[in-house]
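Observations on the model geometry
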Amino acid sequence: MPRPGRTTIDTDLLIAATLVVATIALWATARLPEYLTALLFFAAATVFTSVPPATIFSGFASAAFWLVLSGFVLGAAIKKTGLADRLAAALQPHLAGSWTRMVGGTVAVSYAAAFVMPSNMGRIALLMPMVLAIAEKSGIRAGSRGWFGLALAVGFGTFQLSASILPANVPNLVMAGAIEATYGLHLHYLPYLITFTPVLGLLKGVLVVALVCLLFPARPTPFKAEAHAVPWTGNERRLAIILLCTLAMWMTDALHGISPAWVGLVAACACLLPRVGFLTSDEFGQASNFRTCMYVAGLLGLSAFVAATGLGSRLGEWIIPLLPLDPAQPFVSYLSVFGLGELLNALTTANGVPAVFTPLAQEIADASGMPLNTVLMFQVLSYSTPLLPYQASPIVVAMMMGKVPLRQGVKLSLWLAVATLVIVAPLQYVWMGMLGMVGG
């Protein structure tokens, strides 16, 4: 005889699963505009489920949402004042010369910035106007394959490579918090860096450069140095001061405890103030892509929704017994965990993977015979490798800022996922073995 309440629970899970699958399918196929899919998710979740609205609409209160909005304002101000062109002119001699050098330099700058700026969104907001200004000066037209390639190099280089640096990625921070709350373990900066930088950072960066060059070929024109330096304007100086203060606050967030999102919001407000700022009300409306902001809020709300309904945990409980976890075959167990992480990534997006995977890690460790800390680290490779752009909101924002069509982002993400499975995953396993984290 079924237990009381069992039918209700199963019905709720079925409704939640149907809603999640439908939302993800619409985002992945782009059958509807991304903002409309987000609005439909909000409407359906509030009407057909018992999840509190505060959870469903939690994306609007998240730091990521306000970083996106602030990023659009800062990016517009950088472009309007001419600071983007000035910074691009300073960088261009180091990036110009060949397409490989330009793409490689873009990815390298994106990765290097992750060591000093804790926010993916903030880095994209600052780098994208400069990189696209370099593209224009190098004869790469907006809407061309080269233009798309550089925009994607910023997005993928920023998000995927920053997973190798503990405080530089939202999923990393979610994972660290979940591990501490669930197991009482603390992750440390240097051991984490040693574990992931050689393969997930440097090697994967090389793969990003190679794939962008192959999939989005271009021929930048040679750089011509300007005969006379153009004097700085008052607006450029004021904006430079605002950006330097913002960067300093981002770099020292561990000391003052103020979220990078609120620092970015203050900087955006400064750019909008009369006399002090640089953008009018109309320009703010044009610069702030509310479609993208709504999309990001939907992504974050979906992650919270999956966690609140218990759908992610139930999915893990169903799938773990089916995985070929065997202490005698650690590499097979490793690939199985990678596959589980990719499935969770597709269902909950990158930010949701640690919240769902971390509580399941002990059961996976017991079945595979691997140390708990090792199993916990396996998830990093999964959530840093989205199969489709919608799984990583920073990549989506980069595509929106660069006006990159969905199919171009899908092409790069799928090829990178294949390269990760074939090259990065095995070498990451070997490296972790050399560090004594896995055996076999």
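The coordinates are above.
Here goes a summary of the coordinates provided. (Residues numbered from 1 in each chain as written. Predicted model: local features only at pLDDT ≥ 70, side-chain atom pairs only at ≥ 80, totals over all residues. Heavy atoms only, no water.)

**A closer look at the packing of aromatic side chains**
What counts here: In this scheme Phe, Tyr and Trp rings, the latter by its six-membered ring, pair at centre separations within 6.5 Å, and the angle between planes marks the pair as stacked below 30 degrees, edge-to-face above 60, and tilted otherwise. Secondary structure counts use DSSP, requiring at least four H or I residues in a row for a helix and at least two E residues in a row for a strand, with both numbered from the N terminus. Each residue is assigned to one of three classes by its accessible area relative to the maximum for its type, calculated with a 1.4 Å probe on protein chains only: buried under 20%, partly exposed between the two thresholds, exposed over 50%.
Applying the stated criterion to the full structure yields 10 aromatic pairs. Each ring, one from tyrosine 334 and one from tyrosine 429, has its centre 5.1 Å from the other, and the planes form 45°; the classification is tilted. Remark: tyrosine 429 occurs in helix α21 (residues 406–434) and tyrosine 334 occurs in helix α17 (residues 330–357); sequence separation between them is 95 residues. Comparing tyrosine 334 with tyrosine 429, the two get one shared label, buried. Connected via pairs of aromatic rings, a cluster forms that spans Phe41, Phe42, Phe57, Phe60 and Phe305.

**Some remarks on the side chain of glutamine 379**
Which entries qualify depends on this criterion: A contact between two residues is defined here by any heavy atoms of the two lying within 4.5 Å.
Inspection of the secondary structure puts glutamine 379 in helix α19 (residues 372–383). Glutamine 379 sits in the buried class, given a relative accessible area of 1%. If we ignore the near neighbours within four places in the chain, the residues touching glutamine 379 are Met175, Val353, Pro354, Phe357 and Thr358.

**A word on the nonpolar core**
Spelled out, the test is: Nonpolar core, defined: a set of buried Ala, Val, Leu, Ile, Met, Phe, Trp, Tyr and Cys residues in which side-chain atoms within 4.5 Å join the residues together.
Counting residues in hydrophobic clusters, the biggest one holds 141 residues, and the most contacted among them are Val103, Phe305, Phe357, Met377 and Leu412. Filtering out sequence-adjacent residues up to four positions away, leucine 412 remains in contact with Leu152, Phe156, Leu211, Val212, Leu215 and Phe216.

**Things to note about the pattern of salt bridges**
Stated formally: Between Lys or Arg on one side and Asp or Glu on the other, a salt bridge is scored when a side-chain nitrogen of the former is within 4 Å of a carboxyl oxygen of the latter.
Considering all chains together, one arrives at 1 salt bridge under this definition. Two residues, lysine 80 and glutamate 283, come together in a salt bridge whose shortest N-O distance is 2.8 Å. One end of the pair, lysine 80, is in helix α4 (residues 63–81); the other, glutamate 283, is in helix α14 (residues 281–287), with 203 residues separating them in the sequence. By relative accessible area, lysine 80 is classed as partly exposed at 43%.

**Regarding the environment of leucine 387**
With respect to the element layout, leucine 387 can be found in the loop between α19 and α20 (393–402). For leucine 387, a relative accessible area of 32% gives the class partly exposed. Leucine 387 sits 317 residues away from serine 70 along the chain, and the two C-alpha atoms are 27 Å apart. Apart from the residues lying within four places of it in its own chain, the contact partners of leucine 387 are Glu342, Ser413, Leu414 and Ala417.

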